[in-house]
Amino acid sequence: MDFLAQYNLTGLAIGAATFLIIGLFHPLVIKGEYHFGVRCWWVFLLMGIAAVAASVAICHILWSTLLAVWGASSFWSIGELFEQRKRVARGWFPKKERRSE
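Worth saying up front: this structure is predicted, and the values here are computed from it rather than measured. (Residues numbered from 1 in each chain as written. Predicted model: local features only at pLDDT ≥ 70, side-chain atom pairs only at ≥ 80, totals over all residues. Heavy atoms only, no water.)

## Brief notes about the overall build of the chain
Check the secondary structure of the chain and you find four helices and zero strands. In terms of C-alpha radius of gyration, the chain reaches 17 Å, well past the compact-globule figure of 13 Å for 101 residues. Based on the C-alpha atoms only, the size of the chain along its principal axes is roughly 60 × 25 × 25 Å. Across the 101 residues in the chain, those meeting the buried criterion constitute 29%. Considering only contacts in the chain between residues 6 or more positions apart, those separated by 24 or more positions represent 67%. Total accessible area on the chain is roughly 7,200 Å²; 69% of this is exposed by carbon and sulfur atoms. Considering the chain, the positive charge centre built from 10 side chains and the negative charge centre built from 6 side chains are found 8 Å apart. (Helix = DSSP H or I, 4+ residues; strand = E, 2+ residues; numbered from the N terminus. Rg over C-alpha atoms; globule rule 2.2 N^0.38 Å. Buried < 20%, exposed > 50% of the residue type's maximum accessible area, 1.4 Å probe, protein only. Contact = heavy atoms within 4.5 Å. Areas by Shrake-Rupley, 256 points an atom, 1.4 Å probe, with all protein chains shown as cover. Lys, Arg positive; Asp, Glu negative; His and termini not counted. Charge placed at Lys NZ, Arg CZ, Asp CG, Glu CD.)

Quick look at the structure:
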């Protein structure tokens, strides 16, 4: 952490990590909607609440910021789940076929 502060790289690290976090949530929403439908929205809600609470509790600026980004991305993903359902209905993404056994 001292290395990042010494060379003024904290902002760059936060930007890169934010990019990766947002990139991670995109497939999570797609896979979540595919396997569980929109019923998994509460997982994103709990994850968001936990991340925001941890962000407030942690004093270190880097970790606090990354947790806040994680929480905001979790909350944003709730809306994206419902949008993903619309995209599946339009045929833009595959719909999971229900097995009849």
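## What about the packing of aromatic side chains?
Going through the model one piece at a time under the given rule, you end up with three aromatic pairs. Taken together, a centroid distance of 4.9 Å and an interplanar angle of 50 degrees make the contact between phenylalanine 3 and tyrosine 7 tilted. Centre to centre, the rings of phenylalanine 25 and phenylalanine 44 are 6.3 Å apart; their planes meet at 45 degrees, and the pair counts as tilted. With phenylalanine 25 in helix H2 (residues 10-36) and phenylalanine 44 in helix H3 (residues 41-57), this pair connects stretches of sequence that are 19 residues apart. Taking the relative accessible area as the measure of exposure, phenylalanine 25 reaches 4% and is therefore buried. Using a relative accessible area of 6% as the deciding quantity, one classes phenylalanine 44 as buried. Site record: aromatic cluster; members linked through ring pairs are Phe25, Phe44 and Trp70. Here the basic side chain of arginine 90 rests over the ring of tryptophan 92, its NZ or CZ set 4.9 Å away from the ring centre. (Phe/Tyr/Trp six-rings, centres within 6.5 Å; stacked < 30°, edge-to-face > 60°. Lys NZ or Arg CZ within 6 Å of the ring centre and 35° of its normal.)

## With respect to the nonpolar core
As a rule of thumb, nonpolar side chains are buried together in soluble globular proteins. Counting residues in hydrophobic clusters, the biggest one holds 13 residues, and the most contacted among them are Ile21, Phe44, Leu62, Leu66 and Leu81. Every element with two or more residues in this core is listed here: H2 and helix H4 (61-89). Excluding anything up to four places from it in sequence, isoleucine 21 contacts Leu66, Val69, Trp70 and Ser73. (Core = buried A, V, L, I, M, F, W, Y, C linked by side-chain atoms within 4.5 Å.)

## Considering the environment of glycine 37
Inspection of the secondary structure assignment puts glycine 37 in the loop between H2 and H3. Taking relative accessible area as the criterion, glycine 37 reaches 15% and is therefore assigned buried.

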